[in-house]
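Observations on the model geometry
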Amino acid sequence: MLVYRATDPAPAAQAPQASTSKVVVDPVLVVPEHQVLIFNVSFQPGARTHWHTHSVGQVLHVTHGQGRVCLRGESPRPMSAGDVVHIGPGEVHWHGACPETSMVHLAITMGDEGVRLDPVTDAEYEGPG
Ligand code: MN
């Protein structure tokens, strides 16, 4: 067991390389040797990740605002504060804010950071309408 106090030095911030620029990634708990990565991720309106996968999976807990999550081949689905989303191993997906609304979620990633794919186009972000 590891206990990290709020007063401990924060783990290194993760560069938001797998997302648009309007995303802030704050580390909460980073223990790669135990395959646990937890980040508090803040998306400005319109901001989203790239398409990506996770080797073991990821849990998203939306704590503020309204956003979207989308699996490849499906339409974007809304998510809002209080919602919890589980992404399965290898599922190609993206997550982000709504166009007019910011969104904050806790991202609990099991395994490694996964694989970054292509940026999400505006058409993919808007969905089939
Ligand atoms: Mn993800």
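Please refer to the structure placed before this passage.
Residues numbered from 1 in each chain as written. Predicted model: local features only at pLDDT ≥ 70, side-chain atom pairs only at ≥ 80, totals over all residues. Heavy atoms only, no water.

So, about the pattern of salt bridges. In the structure shown here, the tally under the stated rule is three salt bridges. In this structure, the salt-bridge partner of R48 is D122, at a minimum N-O distance of 2.8 Å. With a gap of 74 residues between them, R48 in the loop between β2 (36–43) and β3 (52–53) and D122 in helix α1 (residues 122–126) connect regions that are remote in the sequence. Here R48 falls in the buried class, since its relative accessible area comes to 9%. Residue classification places D122 among the exposed residues on the basis of a relative accessible area of 56%. (Salt bridge = Lys/Arg side-chain N within 4 Å of Asp/Glu carboxyl O. Helix = DSSP H or I, 4+ residues; strand = E, 2+ residues; numbered from the N terminus. Buried < 20%, exposed > 50% of the residue type's maximum accessible area, 1.4 Å probe, protein only.)

Octahedral six-donor coordination of a metal ideally yields angles of 90 or 180 degrees, compared with 109.5 degrees for tetrahedral four-donor coordination. Those donors, H52 (NE2), H54 (NE2), Q58 (OE1), H93 (NE2) and H95 (NE2), are the protein atoms that reach the manganese ion, and they lie 2.2 Å from it. What makes H52 buried here is its relative accessible area of 7%. Look at H54 and you get buried, because its relative accessible area is 4%. (Donors = N, O, S within 2.8 Å, 3.2 Å for Na, K, Ca; no water.)

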